[in-house]
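Here is what each chain is made of, one letter per residue.
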Amino acid sequence: MKKENRLAKVKRRNQSIAFGLFQLISYSIVALLFIILAFIVIKGFSVISWEFITEMPKEGMTQGGIYPAIIGTLCLVLGSMLFAFPVGVLAAIYMNEYVKDGWGKKIIKQMTNNLAGVPSIVFGLFGMALFVNKLEFGDSLLAGSLTLGLLVLPVVIRTTEESLKAVDDTFRHASLALGASKWQTTSRVVLPIAFPNILTGLILSIGRVSGETAPILFTVAAYFLPKLPTSIFDQAMALPYHLYVISTSGTNIEASRAMAYGTALILIIIVLVSNLLANALRKYFGKKVKMN
Amino acid sequence: MHKIESKNVNFYYGETQALHDITLSMKENTVTALIGPSGCGKSTYLRLLNRMNDLIDKTHLNGEIYIDGHNIYAKNTNVDDLRKNVGMVFQKPNPFPKSIYENVAYGLKVNGITDKKVIEERVITSIKQVALWEEVKDKLHKSAFELSGGQQQRLCIARALAIQPSILLMDEPTSALDPISTTKIEELIYELKNNYTIVIVTHNMQQAGRVSDNTAFFYMGELIEYDKTKNLFTNPKKERTQNYITGRFG
Amino acid sequence: MYFCGENKITDLKTNFKQIKEKVIETILMLSSATTSITVVLIVFFLFIEGVGVFNKKPIEEGFLLAVHPSNTIKKLEPAQIKDIFDKKITNWSALGGKNEPIVPFRTEDITEFYSEEELGENFEHFPEKIDEYVSKTPGVIAFFSEKYKSNNFHGRELDINKITVREFLSGEEWFPTAHPVAQMGVKPLILGTLWVSFGAILIALPIGLAAAIYLSEIARKRTRNFLKPLIELLAGIPSVVYGFFGLVVIVPLVQDVFNLPVGETGLAGSIVLAIMALPTIITISEDAMNNTPRAMKEASLALGASHWQTIYKVVIPYSASGITAGAILGIGRAIGETMAVLMVTGNAAVIPHTLLAPVRTIPATIAAELGEAASGGMHYKALFALGCILFIITFCINMLVEVVTHRNSHKKH
């Protein structure tokens, strides 16, 4: 009897030690997130001003603002989404609504997975070889946008596919039973229902695209270019590359540190806002779409 | 001529045979009830009539099904047009997440009707046909999800009627509804019989008795007995039918 | 009978509708082929450029190496040539030749032996003077442009071994811009990549696993719903921001704690990568643990096992393959990561012996050097070859994950 008691005690003690440790670790990870965010917010907050986001960089990028980098990143996000969003959504529709199970579908799925696993620097190499050199777009917004577009394509396809899968089959059947064709059913019933979730995926991929650096290193990004791009064949500055440059190889790294904190904060803000927006959308529409 | 005629229909899901040699004819403007224990093939048979089973991979069919004398599994059949002619109401009410009006107008729009006046006229007629008009006339542009389950199901029937089919398939249309709503739907079926050929799957035998002219009893993929409803329920010829309707199995 | 299309107008309409459907389906199909085409194109372009580095002499195009005609050496390895010009090998006997001190010579050295007048105003006498110098210096090894090779050149052109796949992979020195011959050994880069990545996983795996267990098995639903999105948010932070954070926080920290001359080390890279890999590991392992059948856990608890015993005797073994998949995927991410690593590891292309020294990874090398490499040149192609290696490694890792998770799903059904 006594022995059993001791065993039970040991068991309980082990358990509370283990659980306590796991809890500590979990909260530490979250704490780490807050440390990273707080660090950049605190150091970057004082840098951000109206001038910082609307002025050209000055004095070897130690003064002035990051206006061209913000505009460049916006252009890249827009460009890559103009490519990836329609292509990705159409591809997902084909995968989920049209093609039947079989080896064809398996291959496409596998290839999409493979593309998702390609490291971003390899996209950079590829973009340089194909768009910049072979197709002779040069270092340009076009080359950069296409490279980034291909990079997020698997993300768009995956989130869209999930959104389409979540649409109950009864809606499809009801529509088909009324004599609607496949495309009518897809475009008029399935897509409107799936739209909020697709939109959520789109916003998340915007967050992803705006922070990618490696793919744009050799396809579009300019080290220092104090003017705005005027065509899709122009080079442009971009936020993530700008942060890399001024924190590692600027003319005066120490002097541009403040600029770096500011740039990092802007990047973080973009990512946070897109995440929060996506979550809010998901919650808002989640309530509406559920039937009965 | 029979409105619907099936000749030696065999149907397979992959390797499994779901229907064995079904031969069955239905007259115009009658209500036919398909009864039998779950998994007996009655729903499968129903879904053959508007080719909804085409949506399932790896199925195939032997035999012929004629509607208005045309083999609907012939190569030159346009499935969309077939489904326009053969309306369907599902087990659970499944209105689209659109307004009440848009739900009924949907079938018209996808079938190429663009004249707004025609659409409006047909929408109203259909809603009146299912006796829903008084309940929804003030909220036609509100979401269909705001309606009760019974109202939703009547809306789904209106949606099917709007494209003016000649046949209406109903797959256990009241199984998800309360008794009052069920009564309303049954009354509706009785009314609709005058203009439509109706095939209804149900596992509620009283319902089959109340609404149908003829009843077909399915068991394990076979058509056991098919007769006037009155006869089948009072004087079944097969023992299995007898056992089923007296509640000894199923 | 309107559905079998008898009159002509419905026929036309029906045809039009069907054609439209077909066209749409074709467009959809083409869109879905985009990813496959891209993968094929990536492989094509990467390998076309990357393979170009092999079976070529690692000497700058249009240049040559020559020795005195009496020299018995016919062929040299790139590494040997580098050692000669670095004055590490000083006698031909060390290379199996005659006992004769080596005299390295580059084009610009000519001014030490001849005056400007002798060479001519526009260097028009270059070729003959180089010829003259090479002919009278038995121990010479001369590196100069082909255009300075005179028509009756007396020296003997030296053969240089071409770069082979084997040499490329096992070469211990990466110095692609070296003169007169580039050193294209990627072993330090491959090892650097592996060291940093495995270091990261060693840190991230236990932490990630602990967090996954907590989230999946211990935490209440509300706690979990609060923590999970935050942890996923870690995955959304751009890698360049991690790099920046690493540079200003972790690098100095590593330098202080270990009392190092520089903080930009493999360890700093591993720590940053570990933070970045955490969300992947946690999400995937947690999913796997959530899939443990309730009945199994209840059976264990009913037998008197404590909650903790149930976790490590039932839940963890059951979700082992999911956890493995998470870990492998984490390694894959770490191996391919570019910016963060580039910014914090110090980028010294030497074979790593400790994580407390600067190391250089494959992605960082590409990112740092491609901008300077002339398009189509040797260096450019070598970087593409590095891209091929990276692609192959990550491709294999993805396949491995596929295999592991596939086996897992089989077990469940």
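Just so you know, the residues in each chain are numbered from 1, in the order the chain's sequence is written. Chains carry letters and ligands carry numbers; both start at the beginning, A for chains and 1 for ligands, and go up in the order they are written. With pLDDT at 70 or above as the cut-off, local features in this predicted model cover only qualifying residues; side-chain atom pairs require 80 or more to be listed or tallied, and sums for whole chains, interfaces and linings still use all residues.

Looking up chain B in an unreviewed UniProt entry gives the name Phosphate ABC transporter ATP-binding protein, with the organism given as Flavobacterium enshiense DK69. UniProt positions are given in the numbering used here, feature names are shortened, and annotations may be inferred rather than shown by experiment. The UniProt entry for chain B carries this comment under Subcellular location (unreviewed entry): "Cell inner membrane". Reading the Function (unreviewed entry) entry of the UniProt record for chain B gives the comment "Part of the ABC transporter complex PstSACB involved in phosphate import. Responsible for energy coupling to the transport system."

Undergrad: Got a minute to help me understand the overall build of chain C in this structure?
TA: Helix and strand definitions follow DSSP, with helices as H or I runs of at least four residues and strands as E runs of at least two, each counted in order from the N terminus. Looking only at helices and strands, one finds 15 helices and 8 strands in chain C. Against the compact-globule benchmark of 22 Å for 413 residues, chain C has a radius of gyration of 31 Å, which places it well outside the compact range. Every C-beta atom is placed from the backbone, and the number of other C-beta atoms within 10 Å of a residue's own sets its class: buried at 20 or more, exposed at 12 or fewer, partly exposed in between. With 413 residues in all, chain C has 44% of them scored as buried. Each residue is represented by a C-beta atom placed from its backbone, and any two residues with such atoms within 7 Å are regarded as in contact. Taking contacts inside chain C between residues at least 6 apart in sequence as the whole, the part at least 24 apart equals 70%. Restricting the calculation to C-alpha atoms gives the radius of gyration, and the globule rule supplies 2.2 Å times the number of residues raised to the power 0.38.

Undergrad: Sorry, what's going on with the overall build of chain B here?
TA: Secondary structure summary: chain B contains 10 helices and 10 strands in total. Relative to the compact-globule value of 18 Å for 250 residues, chain B shows a C-alpha radius of gyration of 18 Å, a close match. If one aligns the C-alpha atoms of chain B with their principal axes, the spans along those axes are about 55 × 45 × 35 Å. Expressed as a percentage of the 250 residues in chain B, the buried residues total 47%. Long-range contacts, defined here as pairs at least 24 residues apart, represent 68% of the contacts in chain B between residues at least 6 apart.

Undergrad: What am I meant to see in the sheet that holds strand 3 (residues 103-106) of chain C here?
TA: Two orientations exist for strands paired in a sheet by backbone hydrogen bonds: parallel and antiparallel. Residues and elements named next belong to chain C. On the basis of which strands lie adjacent, the open sheet formed by 4 strands has the order 3-4-1-5 and mixed pairing. At either end of the open sheet lies a strand with only one pairing partner, and these are strand 3 and strand 5 (156-157). Sheet analysis places strand 1 (residues 63-67) next to strand 4 (residues 140-145), joined by 5 bridges and oriented antiparallel. Bridging from a neighbouring strand, Phe63 pairs with Ser145 of strand 4. A pair of strands is considered paired only if DSSP assigns at least 2 bridges between the two.

Undergrad: Sorry if this is basic, but what is going on with the UniProt feature "domain: ABC transporter" (unreviewed entry) in chain B here?
TA: In the numbering used here, UniProt assigns the "domain: ABC transporter" (unreviewed entry) feature to residues 4-245 of chain B. Helix makes up 38% of residues 4-245 of chain B and strand makes up 26%, while its end C-alpha atoms are separated by 25 Å.

Undergrad: So what exactly am I meant to see when it comes to the pairing of strand 9 (residues 214-219) of chain B here?
TA: Two faces belong to every sheet, and in a regular strand the side chains alternate between them. Residue and element names in this part refer to chain B. Counting buried positions along strand 9 gives 6 out of 6 residues, so the element sits mostly inside the fold. Residues Asn214, Ala216 and Phe218 of strand 9 are buried on one face, and the alternating residues Thr215, Phe217 and Tyr219, pointing to the opposite face, are buried as well. Summarising the sheet, strand 3 (residues 31-35) and strand 9 pair through 4 bridges and their orientation is parallel. Pairing of Ala33 across the sheet is with Thr215, part of strand 9. Strand direction decides the pairing type here: strand 9 and strand 10 (residues 222-228), joined by 6 bridges, are antiparallel. When the sheet's bridge partners are listed, Asn214 is paired in strand 10 with Lys228.

Undergrad: Looking at this model, I keep getting lost on the pairing of strand 8 (residues 197-201) of chain B. Mind explaining?
TA: Residue and element names in this part refer to chain B. Within strand 8, 5 of the 5 residues are buried, leaving the element largely enclosed by the surrounding structure. Across 5 bridges, the pairing between strand 7 (residues 167-171) and strand 8 is parallel. The residue bridging Ile167 from the neighbouring strand is Thr197, located in strand 8. Place the viewer so that the strands point away; then a crossover is right-handed whenever the path from the first strand over the helix to the second strand goes clockwise. In terms of handedness, the path from strand 7 via helix 7 (residues 179-192) over to strand 8 forms a crossover that is right-handed.

Undergrad: Is there a simple way to think about the interface of chain A and chain C in this case?
TA: A common way to state how big an interface is: give the accessible area lost once the parts meet. On the side of chain C, 65 residues touch chain A, which itself brings 67 residues to the contact. Sorting the residues of the side of chain A that touches chain C by element identifies helix 1 (2-45), helix 3 (67-98), helix 4 (103-117), helix 5 (120-134), helix 6 (141-165), helix 8 (182-211), helix 9 (239-248) and helix 10 (257-289) of chain A as the ones contributing at least two each. By residue number, the principal contributor to the side of chain A that touches chain C is helix 1 of chain A, which donates 17 residues. In the scheme used here, Gly and all other residues not listed as nonpolar or charged are polar, with Ala, Val, Leu, Ile, Met, Phe, Trp, Tyr, Cys and Pro taken as nonpolar and Asp, Glu, Lys and Arg as charged. Among the residues making up the side of chain A that touches chain C, the classes are represented as 46 nonpolar, 18 polar and 3 charged.

Undergrad: Could you clarify how one ought to interpret the interface of chain B and chain A in this entry?
TA: Each side of the interface is counted separately: chain B has 22 residues, and chain A has 18 residues. Of all the elements in the fold, those that place two or more residues in the side of chain B that touches chain A are helix 2 (79-85), strand 6 (86-89), helix 3 (100-110) and helix 6 (149-162) of chain B. By residue number, the principal contributor to the side of chain B that touches chain A is helix 2 of chain B, which donates 4 residues. For the side of chain B that touches chain A, a count of residues per class yields 10 nonpolar, 5 polar and 7 charged.

Undergrad: Would you take a moment to explain the nonpolar core for this structure?
TA: Considering soluble globular proteins, one finds that nonpolar side chains tend to be buried as a cluster. Only buried residues count toward a nonpolar core: Ala, Val, Leu, Ile, Met, Phe, Trp, Tyr and Cys, linked into one set through C-beta atoms within 7 Å. Core analysis: the biggest nonpolar cluster contains 280 residues, and Ala264 of chain A together with Ala142, Phe244, Val272, Leu273, Ala277 and Leu278 of chain C have the highest contact counts within it. No other element matches helix 3 of chain A, which puts 17 residues into this core. For Ala277 of chain C, the contacting residues outside a window of four places in its chain are Ala200, Ile201, Ala204, Gly330, Arg333 and Ala334 of chain C.

Undergrad: How do you make sense of helix 2 (residues 78-85) of chain C when you look at a structure like this?
TA: Helical geometry note: an α-helix holds 3.6 residues per turn, so side chains three or four residues apart project in the same direction. Residues and elements named next belong to chain C. For helix 2, the complete set of buried residues consists of Pro78, Ile81, Lys82 and Ile84. Take helix 2 and look down its axis: the buried residues cluster within an arc of 160°, on one side only. Contact partners of the buried residues in helix 2: strand 1, strand 2 (75-76), strand 3, strand 4, strand 6 (159-160) and strand 8 (183-184). Where helix 2 terminates, the next one or two residues include Lys87, which has phi positive at roughly 65°. What the arc describes is the spread of directions from the helix axis to the C-beta atoms.

Undergrad: Would you mind showing me how to read the packing of helix 3 of chain A against helix 6 of chain A here?
TA: Angle between the axes and distance between the axes are the two parameters that describe a pair of packed helices. Residues and elements named next belong to chain A. Angular values range over 0 to 180 degrees, each being the angle between N-to-C directions of two axes fitted as lines to C-alpha atoms, with helices fitted over their stretch in contact. With their axes 6 Å apart at the nearest point, helix 3 and helix 6 run at an angle of 35° to one another. As helix 3 runs across helix 6, the sense of the crossing is right-handed. Of the residues belonging to the contact of helix 3 with helix 6, the class tally is 19 nonpolar, 8 polar and 3 charged. Should the near helix be turned anticlockwise from the far one by less than a right angle, the crossing is left-handed, and should it be turned clockwise, the crossing is right-handed.

Undergrad: Got a minute to help me understand the environment of Gly149 of chain B in this structure?
TA: Residues and elements named next belong to chain B. Looking at where Gly149 falls in the secondary structure, it is placed in helix 6. The exposure class of Gly149 is partly exposed, given the 15 C-beta atoms found within 10 Å. In this structure the C-alpha to C-alpha distance between Gly149 and Lys137, which are 12 residues apart in sequence, comes to 17 Å. The residues contacting Gly149, other than those within four sequence positions of it, are Pro93, Ala176, Leu177 and Ser181.

Undergrad: Hey, could you run me through the domain arrangement of chain C in this one?
TA: Residue and element names in this part refer to chain C. Split into domains, chain C comes out as domain 1 (2-51), domain 2 (63-173) and domain 3 (187-412). Marked domain ranges trace back to an automatic or database domain assignment. Computed from C-alpha atoms alone, the centre-to-centre distance between domain 2 and domain 3 is 48 Å. Listed per partner, the contact involves 5 residues of domain 2 and 4 residues of domain 3. By residue class, the composition of the side of domain 2 that touches domain 3 is 2 nonpolar, 2 polar and 1 charged.

Undergrad: Explanation requested: the environment of Lys42 of chain B in the structure shown.
TA: Residue and element names in this part refer to chain B. Note that Lys42 resides in helix 1 (residues 42-48). Taking the C-alpha atoms as reference points, Lys42 and Met220, separated by 178 residues in sequence, lie 9.4 Å from one another. Not counting chain neighbours up to four residues away, the residues in contact with Lys42 comprise Leu34, Ile35, Gly36, Val201 and Phe218.

Undergrad: Please clarify how unusual backbone geometry should be interpreted in this entry.
TA: Glycine aside, residues mostly have negative phi, and peptide bonds are mostly found in the trans state. All names here are of chain B. You will see that Lys58, though not glycine, has its phi angle at about 60°, which is positive. Turning to its location among the elements, Lys58 is positioned in the loop between helix 1 and strand 4 (59-67). According to the C-beta neighbour criterion, Lys58 is exposed, with 10 such atoms within 10 Å. One non-glycine residue, Ala131, lies in positive phi territory at about 60°. In this structure, Ala131 sits in the loop between helix 4 (116-129) and helix 5 (133-136).

Undergrad: What should I look at first to understand the confidence of the model for chain C in this one?
TA: A low pLDDT means the predicted coordinates there should not be read in detail. Mean pLDDT for chain C: 86, with 96% of residues reaching 70 or above. Under the prediction, the complex receives an ipTM of 0.91, its pTM being 0.87. On a range of 0 to 100, pLDDT expresses the predictor's confidence in each residue.

Undergrad: Whenever I open this one, the packing of helix 4 of chain A against helix 6 of chain A confuses me. Can you help?
TA: All names here are of chain A. Contact pair helix 4 / helix 6: the axes reach a minimum separation of 8 Å and the direction vectors enclose 130°. Between helix 4 and helix 6, the angle is such that the two are oblique. Once helix 4 is placed against helix 6, the crossing between them reads as left-handed. Facing helix 4, whose interface residues are Thr112, Leu115 and Ala116, helix 6 presents Leu153, Pro154 and Ile157. Within the contact of helix 4 with helix 6, the residues separate by chemical class into 5 nonpolar, 1 polar and no charged. For classification purposes, angles smaller than 35 degrees are called roughly parallel, those larger than 145 roughly antiparallel, those between 65 and 115 roughly perpendicular, and all remaining angles oblique.

Undergrad: Could you clarify how one ought to interpret the confidence of the model for chain B in this entry?
TA: For chain B, per-residue confidence averages 91 on the pLDDT scale, and residues scoring 70 or more make up 99% of the total. Taken element by element, chain B is modelled with least confidence in helix 10 (residues 239-245) of chain B, mean pLDDT 87, and with most confidence in strand 8 of chain B, mean pLDDT 95.

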